[in-house]
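Residue-level listing of the chains:
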Amino acid sequence: MNAKVNISNRAGASFPVRRMDFEFGEVPRYWAANDAGLTHFMTTLSALFPEGEQYFVDSTRAVHKHPKLSDPDLQREISAFIGQEAMHSKEHLAFNSSAQSYGYDIRTMEQQTGKVIRTGTKILTTLLKPFGVTKEMIDLTGTCALEHFTAVIAAELLQNKDVQAMFNDSTMHQLWMWHAVEENEHKAVVFDVYTAIYGNGLKAYTMRAIAMIIAMGLIFMTQSYFTAQLMKIDGKLTWKDSKYMLKFMYARKGFMTRQIPELLDFFRPNFHPNDSDTDQLLADWKLKLGL
Ligand SMILES: [Fe+2]
Ligand SMILES: [Fe+2]
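Residues numbered from 1 in each chain as written. Chains lettered and ligands numbered in written order. Predicted model: local features only at pLDDT ≥ 70, side-chain atom pairs only at ≥ 80, totals over all residues. Heavy atoms only, no water.

Some details on the packing of helix H4 (residues 135–159) against helix H11 (residues 279–289)
We count it as follows: Think of each axis as a best-fit line through the C-alpha atoms, taken over the contacting stretch in the case of a helix, with angles from 0 to 180 degrees between the N-to-C directions. Numbering of helices and strands runs from the N terminus; a helix is a DSSP stretch of H or I covering at least four residues, while a strand is a stretch of E covering at least two. Reported orientations rely on four angle classes, namely roughly parallel under 35 degrees, roughly antiparallel over 145, roughly perpendicular from 65 to 115, and oblique for the rest. Crossings are classed by handedness, with left-handed meaning an anticlockwise turn of the near helix from the far one by less than a right angle and right-handed meaning a clockwise turn. Whether two residues are in contact is decided by their heavy atoms: any pair within 4.5 Å suffices.
Look at H4 against H11: their axes get within 10 Å of each other, and the N-to-C directions meet at 60°. Relative to H11, H4 is oriented oblique. In this structure, the crossing between H4 and H11 has a hand that is left-handed. Together, Ala155, Leu158 and Gln159 of H4 and Leu281, Leu282 and Trp285 of H11 make up the contact between the two elements.

Structural notes on the UniProt feature "transmembrane region" (unreviewed entry) in the protein
Our working definition: UniProt positions are given in the numbering used here, feature names are shortened, and annotations may be inferred rather than shown by experiment.
Here, the residues flagged by UniProt with the feature "transmembrane region" (unreviewed entry) are residues 205–226. For residues 205–226, the end-to-end C-alpha separation is 31 Å, with 100% helix and 0% strand making up the annotated structure.

Some details on the coordination of the iron ion (ligand 2)
Quick reminder of the rule: Metal sites are built from N, O and S donor atoms within 2.8 Å, or 3.2 Å for Na, K and Ca, and they leave out water, so they may look incomplete.
In the first shell of the iron ion (ligand 2), the protein supplies Glu85 (OE), Glu147 (OE), Glu147 (OE), Glu183 (OE) and His186 (NE2), at 1.9 to 2.7 Å from the metal. The sequence pattern describing where the donors of the iron ion (ligand 2) fall on their chain is E-x61-E-x35-E-x2-H. Taken as a pair, the iron ion (ligand 2) and the iron ion (ligand 1) show a spacing of 3.8 Å, with Glu85 coordinating each metal. Of this pair, Glu147 sits in helix H4 while His186 sits in the loop between helix H6 (170–185) and helix H7 (189–198); the two residues are 39 residues apart in sequence, bridging distant segments of the chain.

Quick notes on the coordination of the iron ion (ligand 1)
Protein-derived coordination of the iron ion (ligand 1) comes from Glu53 (OE), Glu85 (OE), His88 (ND1), His179 (NE2) and Glu183 (OE), at a distance range of 1.8 to 2.5 Å. One chain supplies every donor to the iron ion (ligand 1), and in sequence these donors are spaced E-x31-E-x2-H-x90-H-x3-E.

Side note on helix H1 (residues 36–63)
Count 3.6 residues to each turn of an α-helix, and residues three or four apart come out pointing the same way. The condition is simple: The length a helix should cover is 1.5 Å for every residue beyond the first. The bend at a residue is defined as the angle formed between two axes, one fitted to the seven residues ending at that residue and one fitted to the seven starting there. Relative accessibility decides the category of a residue: with a 1.4 Å probe and only protein chains considered, values under 20% of the type maximum give buried, values over 50% give exposed, and everything between is partly exposed. In the analysis that follows, any N or O atom pair within 3.5 Å is treated as a polar contact, provided that within protein one partner can donate a hydrogen and the other can accept it, and provided that, for residues neighboring in sequence, both atoms belong to side chains.
The terminal C-alpha atoms of H1, which comprises 28 residues, lie 41 Å apart, in line with the 40 Å expected from a rise of 1.5 Å per residue. Maximal helix bending in H1 amounts to about 40°, located at Phe49; proline Pro50 follows within four positions. Counting buried positions over the 28 residues of H1 gives 23, a clear majority of the element. Where H1 begins, one side-chain oxygen reaches toward the backbone nitrogen of Gly37, 3.2 Å away; that side chain belongs to Asp35.

Considering unusual backbone geometry
Phi angles above zero are rare outside glycine, and Ala33 is one such case at about 55°. Relative to the elements of secondary structure, Ala33 occurs in the loop between strand S2 (17–21) and H1. When its relative accessible area of 28% is taken as the criterion, Ala33 is described as partly exposed. Of note, the phi angle at Asn34 is positive, near 50°, even though the residue is not glycine. Structurally, Asn34 is set in the loop between S2 and H1.

As for the environment of Lys240
Its place among the elements puts Lys240 in helix H9 (residues 239–250). Once the C-alpha coordinates of Lys240 and Asp275 are considered, the two residues, 35 residues apart in sequence, prove to be 41 Å apart.

Examining the packing of aromatic side chains
Condition: Pairing of aromatic rings covers Phe, Tyr and Trp, the last counted by its six-membered ring, and requires centre-to-centre distances within 6.5 Å; plane angles under 30 degrees mean stacked, over 60 mean edge-to-face, and any other angle means tilted. Charge-over-ring contacts are defined here by two conditions on Lys NZ or Arg CZ: a distance within 6 Å of the ring centre and an angle within 35 degrees of the ring normal.
In the structure shown here, the tally under the stated rule is 14 aromatic pairs. A ring pair is formed by Phe24 and Phe95, whose centres lie 5.7 Å apart and whose planes are at 65°; its orientation type is edge-to-face. One end of the pair, Phe24, is in the loop between S2 and H1; the other, Phe95, is in helix H2 (residues 72–100), and 71 residues separate them in sequence. By relative accessible area, which is 6% here, Phe24 ends up buried. Here a set of aromatic residues connected by ring pairs shows up, and it is made of Phe22, Phe24, Trp31, Phe95, Phe167 and Trp178. The ring of Phe266 has Arg208 sitting right over it, with the charged end atom 4.8 Å from the ring centre.

Looking at the pattern of salt bridges
Heads up, the condition is: By convention in these notes, a salt bridge is any Lys or Arg side-chain nitrogen within 4 Å of a carboxyl oxygen on Asp or Glu.
The tally for this structure, following the rule as stated, stands at 12 salt bridges. Notably, a salt bridge pairs Arg18 with Glu185, separated by 2.8 Å at the nearest N-O pair. Here the residue Arg18 occupies a position in strand S2, and Glu185 occupies one in helix H6, the gap between them amounting to 167 residues. Exposure class is identical for Arg18 and Glu185. Each is buried. Notably, a salt bridge pairs Lys286 with Glu185, separated by 3.4 Å at the nearest N-O pair. Of this pair, Lys286 sits in helix H11 while Glu185 sits in helix H6, and the two are 101 residues apart along the sequence. By relative accessible area, Lys286 is classed as partly exposed at 28%. Where salt bridges share partners, they join Arg18, Glu182, Glu185 and Lys286 into one cluster.

Quick look at the structure:
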């Protein structure tokens, strides 16, 4: 791996925090399949991460002293989760800044992502206040749903060789695979925090199901809008230049379409992130990446 890796497990959790330091200076303009559409689709996912993952950290930190979270094992998992997400934010921020040099204003997209998150949670907090729903609950529920989304995308990335083949730059390959490994290492943490505090009853279930629908809608709209913006900058906002990406992502067996059953699994009342076993997959990839 051409990034500096510094693995620490001071928290004593079931997974470590790896301090990464990728060098993005040599990343080409089109680093995914040499294709503008695919590169921009992945870049705009990256644009969502700095503010998005900071939101996960803040939402979890806001409740971590809750009396129902006194289990020391869970506290260790929370600390390591926060460490991993903070590192993802930092590295995606560094990549996003490097993309600015090609004339793509990712910084503005990061700020707009923050605005979408703040506005969305503000509206929901106002609407749900009469039902005794607090801002902490809304934030944690949103995080819980989005953590499932990221874990599912990440598992697909680790499993699917056709998807892995899109990276024509080794730094970008390593960035995404490292991130994918860690999303699966910590996929159960927020869900366990959520159920420890709010239980498994009808209210907790309804909240997380609604949160998933809203989160998916907002991500789809925001990220599609960002992708169109980048295609426009390149003068490639046409069917001819977008069709490879659209088929790759949304065709019958596309990268995104293939994940629908796993995403829908979240709506099972007795769902738990660890129901889908990714242990062997993680062991293989940690070996491959030298993590
Ligand atoms: Fe992450
Ligand atoms: Fe995560």
